[in-house]
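Coordinate analysis (summary)
Chain by chain, the residues:
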Amino acid sequence: MAVKRNMSPNKCPMPVQDPEVRRNNFEEVALGYTYEMAVEEAKRCLNCPKKPCRSACPVAIDIPAFIERVANEDMEGAFEVLSASSALPAVCGRVCPQENQCEGKCVRGIKGESVGIGRLERFVADYHREHATATPKVPEQNGHKVAIIGAGPSGLTAAGDLAKLGYKVTVYEALHVAGGVLSYGIPQFRLPKEIVQKEIDNLKAIGVDIETNMVIGKVLTIDELFEMGNEAVYIASGAGLPRFMNIPGESLNGVYSANEFLTRINLMKAYKEGSKTPIKHSKNVAVVGGGNVAMDAARSAKRLGAENVYIVYRRSMNELPARKEEVEHAEEEGIIFKTLTNPVEVIGDENGNVCGMKCVEMELGEPDESGRRRPVVKEGSELTLDIDTMIMSIGTSPNPLIRSTTPGLDTNKHGCIITDGEDGLTTREGVYAGGDAVTGAATVILAMGAGKSAAKAIDEYIKNKNA
């Protein structure tokens, strides 16, 4: 049916909780489009024949096709298009950096704002979850087994794609809850855990087995997974090993990695009264770093009651790697940005507790190998922040456990598993890897893209081996 296009240059605004209210709770900030908002926003899509948005999507969703169905009020049809490419649409609609991917290539963005692709993806996934009554169909089994290490976005994506092809898939997760970074890393106010659980339940419904509390490299080795009848193994164990700056005072009480801080909050619910997992209720918090994880940690600290929360970042606001929306939300919630500032020492009191952070001011010099201007220290610019908690959010790397227990599995100097191109094949036959275990800390959607590529390669490998 022909759709009358909505030629408004601006996308429909996303309803959100009031900043003064949400800074005191862990409920979701963005409230989602209404049915009417979604239909009107979908009508802004021009249904371009070349589909530049699709080519910018790491999992190659047919974006104009799903949006056209929304415009025609065929929400289940829209979900079918989405789910053909994405195992986690409700997640991606919330946490993908659309402005750097699909929306960044949207033709409507040339003379106005791009179509709200992420917001529409979220709406369609939520609508399906709330209205669908049919149970997923379990694919016919093909008699072959595959093991996946890690129940994060990459592992879950590969599991879903392989299960749809008829493989018996078992996912081994080290933590007591599936979801990986979706569960332990991203706060409830940005990604509600019940939504993550529903996506996981959908995979279980098509036959994916998920075993938690399974630390591969300790409980079982990769060699033992093959002995159990698996014909291929996909390593999607993420990058959970935090990095520190190696400056004086990092061992003081009150210094957290962002991983630990967020895991205590997200997975152990340390923000709830009576929680068995302690977390410090701080007054003045400094979060070192400028990515999405830093924003999550800072905004969580504010919700725990901190009076002053600083983002300490050595470059300027223009170089912040965090999503624009997350930065805007943080500013609205009262997070203080101390840019062009770098810590050089954590100061402790006589009891070994953090009481301050010595910093230097920076200025931007010539571009480095990443193309960003390199920060250099301004002479005589030392300053001290009065803080009682410091959270390090400067990146993570893969845990060494799997590589240290798997002979013949090569890694690079950063501990990332070496693979042969996009298919994820490692230096061990039948062993594939993808996501943060290969790239280091990156985005959810890139990890999902790696999972899709690996699933396709594993299917071809097993078919060729058994031909």
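Check the entry above for the structure.
Before going into details, it helps to say that this report is about the structure given with it.

**Remarks on the overall build of the chain**
Scanning the chain from N- to C-terminus turns up 17 helices and 16 strands. On C-alpha atoms alone, the chain measures out to a radius of gyration of 23 Å, which is about the 23 Å that the 2.2 N^0.38 rule sets for 467 residues. By residue count, 55% of the 467 residues in the chain fall in the buried class. Residue pairs in contact within the chain that sit at least 24 positions apart in sequence constitute 70% of those at least 6 positions apart. Approximately 20600 Å² of the chain is accessible, and the part contributed by carbon and sulfur atoms is 49%. Counting 54 positive and 63 negative side-chain charges, the chain places the averaged centre of each group 3 Å from the other.

**Topic: the nonpolar core**
Where a protein is soluble and globular, its nonpolar side chains tend to be buried together. Ranked by size, the top nonpolar core spans 69 residues in total, and within it Ile63, Phe66, Ile67, Val70, Leu120 and Ile148 carry the most contacts. It is helix H17 (residues 444–465) that contributes the most residues to this core, nine residues altogether. Each residue touching Ile67, except ones within four places of it in the same chain, is listed here: Ala42, Cys45, Val115, Ile117 and Leu120. Core analysis: the next-biggest nonpolar cluster, separate from the first, contains 28 residues, Val29, Ala294, Ala301 and Ile311 among them.

**Notes on the packing of aromatic side chains**
Under the counting rule described, the total for this entry stands at seven aromatic pairs. Centroid distance Tyr256 to Phe261: 5.5 Å. Interplanar angle 70°. Geometry classified as edge-to-face. Since its relative accessible area comes to 10%, Tyr256 is described here as buried. Three or more aromatic residues link up through ring pairs in this structure, and these residues are Phe26, Phe189 and Tyr271.

**Quick notes on the pattern of salt bridges**
Within the structure shown, the criterion is met by 34 salt bridges. One salt bridge in this structure joins Lys168 and Asp209, with 3.1 Å as the shortest N-O distance. Remark: Asp209 occurs in strand E3 (residues 209–211) and Lys168 occurs in strand E2 (residues 168–172); sequence separation between them is 41 residues. Residue Lys168 is classed as partly exposed on the basis of its relative accessible area, which comes to 29%. Where salt bridges share partners, they join Arg22, Glu99, Arg190, Asp296, Arg299, Arg303, Arg323, Glu326, Glu332 and Glu333 into one cluster.

**Let's talk about helix H7 (residues 117–131)**
With 15 residues, H7 should reach 21 Å at 1.5 Å per residue; the first-to-last C-alpha distance of 21 Å fits that figure. Of all the 15 residues making up H7, 11 are buried; the element is thus mostly covered by neighbouring parts of the structure. Burial in H7 covers these residues: Ile117, Gly118, Arg119, Leu120, Glu121, Arg122, Phe123, Val124, Ala125, Asp126 and His128.

**As for the sheet that holds strand E14 (residues 389–392)**
Taken together, five strands build an open sheet; the order of strands is E6-E14-E7-E8-E9 and the sheet is parallel. Both outer strands of the open sheet, strand E6 (255–257) and strand E9 (336–339), are each paired with one neighbouring strand and no more. Here the average twist between neighbouring strands, direction ignored, is 20°. Sheet analysis places strand E7 (residues 284–288) next to E14, joined by four bridges and oriented parallel. Of the residues in E14, the one forming a bridge with Val288 is Met392. Its contacts with the sheet place helix H12 (residues 258–266) against E6 and E14, and it is angled at close to 80° to E6.

**Concerning H12**
Taking burial as the measure, the nine residues of H12 include seven buried ones, the bulk of the element. Among all positions of H12, only Ala258, Asn259, Phe261, Leu262, Thr263, Ile265 and Asn266 are buried. Where H12 is buried, its residues touch helix H9 (181–184), helix H10 (193–205), E6, helix H13 (292–303), E14 and strand E15 (396–397).

**Things to note about unusual backbone geometry**
Backbone phi values are negative for most residues with the exception of glycine, while trans is the configuration of most peptide bonds. Unusually for a residue other than glycine, Asn47 sits at a positive phi of about 55°. Following the sequence through the fold, Asn47 ends up in the loop between helix H2 (35–42) and helix H3 (52–55). A positive phi angle, close to 55°, is found at Lys269, a residue other than glycine. Relative to the helices and strands, Lys269 resides in the loop between H12 and E7. Residue classification places Lys269 among the partly exposed positions, given a relative accessible area of 25%.

**Focus: the sheet that holds E2**
Across the sheet, five strands lie side by side as E3-E2-E1-E4-E16; this open sheet has parallel pairing. In this open sheet, the two edge strands, each paired with only one partner strand, are E3 and strand E16 (431–433). Taking the axes of each pair of neighbouring strands and ignoring which way they run, one obtains an average angle of 20° across the sheet. Of the strand pairs in this sheet, E2 and E3 are connected by three bridges, and their pairing is parallel. Bridge pairing in E3 links Thr170 to Asp209. Sheet contacts for H17: strand E1 (145–149), strand E4 (232–235) and E16; angle to E4, the most-contacted strand, approximately 170°.

**As for the packing of helix H8 (residues 153–164) against H17**
For the pair H8 and H17, interaxial distance at closest approach is 7 Å and the crossing angle is 35°. H17 is crossed by H8, and the crossing has right-handed handedness. Listed contacts from H17 to Pro153, Ser154, Thr157, Ala158, Asp161 and Leu162 of H8 are Val444, Ala447, Met448, Ala450, Gly451, Lys452, Ala455, Ile458 and Asp459. Here the residues of the contact of H8 with H17 sort into nine nonpolar, three polar and three charged.

**Structural notes on the environment of Thr396**
If you trace the backbone, Thr396 turns up in strand E15. In sequence terms Thr396 and Glu331 are 65 residues apart; their C-alpha atoms lie 25 Å from each other. Each residue touching Thr396, except ones within four places of it in the same chain, is listed here: Ala239, Leu241, Pro242, Arg243, Asn259 and Ala441.

**Quick look at the state of the cysteines**
Evaluation of the coordinates by the stated rule reveals zero disulfides. In this structure Cys48 is a free cysteine whose sulfur lies 6.3 Å from that of Cys45, the closest cysteine sulfur available. Distance from the sulfur of Cys359, which forms no disulfide, to the nearest cysteine sulfur (Cys355) is 13 Å.

Analysis parameters
- Here the residue index of a chain counts from 1 through its sequence in written order.
- For this predicted model, a pLDDT threshold of at least 70 governs which residues receive local features, and a threshold of 80 or more governs which side-chain atom pairs are given and counted, while totals over whole chains, interfaces and linings are taken from all residues.
- Derived side-chain values reflect all non-hydrogen atoms in the structure, with water molecules and hydrogen atoms excluded from consideration.
- In this description a helix means any DSSP run of H or I spanning at least four residues, a strand means any run of E spanning at least two, and both kinds are numbered starting from the N terminus.
- C-alpha atoms define the radius of gyration, and 2.2 Å times the number of residues to the power 0.38 defines the globule rule.
- Burial here depends on accessible area, computed with a 1.4 Å probe over protein chains only, as a share of the maximum for the residue type. Under 20% is buried, over 50% is exposed, and the range in between is partly exposed.
- Contact between two residues is taken to exist if any of their heavy atoms lie within 4.5 Å; hydrogens are not considered.
- Per-residue accessibility takes into account occlusion by the displayed protein chains alone, with areas from the Shrake-Rupley method and a 1.4 Å probe.
- Positive charges come from Lys and Arg, negative ones from Asp and Glu, while His and the chain ends are left out of the count.
- Lys charges are placed at NZ, Arg charges at CZ, Asp charges at CG and Glu charges at CD.
- To define a nonpolar core, start from buried Ala, Val, Leu, Ile, Met, Phe, Trp, Tyr and Cys residues and group those joined through side-chain atoms within 4.5 Å.
- Two aromatic rings from Phe, Tyr or Trp, using only the six-membered ring of Trp, form a pair when their centres are within 6.5 Å; if the ring planes differ by under 30 degrees the pair is stacked, by over 60 it is edge-to-face, and anything between is tilted.
- Every case where a carboxyl oxygen of Asp or Glu lies within 4 Å of a side-chain nitrogen of Lys or Arg is listed as a salt bridge.
- The span one expects for a helix is its residue count, reduced by one, times 1.5 Å.
- Only when DSSP finds a minimum of two bridges between them are two strands counted as paired.
- Axis definition: a line fit to C-alpha positions, over the contact stretch in the case of helices; interaxial angles, taken between N-to-C directions, run 0 to 180 degrees.
- Crossing handedness follows the turn of the near helix against the far one: under a right angle anticlockwise gives a left-handed crossing, and clockwise gives a right-handed one.
- Residues were grouped as follows: Ala, Val, Leu, Ile, Met, Phe, Trp, Tyr, Cys and Pro as nonpolar; Asp, Glu, Lys and Arg as charged; and all remaining residues, including Gly, as polar.
- Any cysteine sulfur atom paired with another within 2.5 Å is treated as part of a disulfide.

Treat this as a map of the structure, not an account of what it does.
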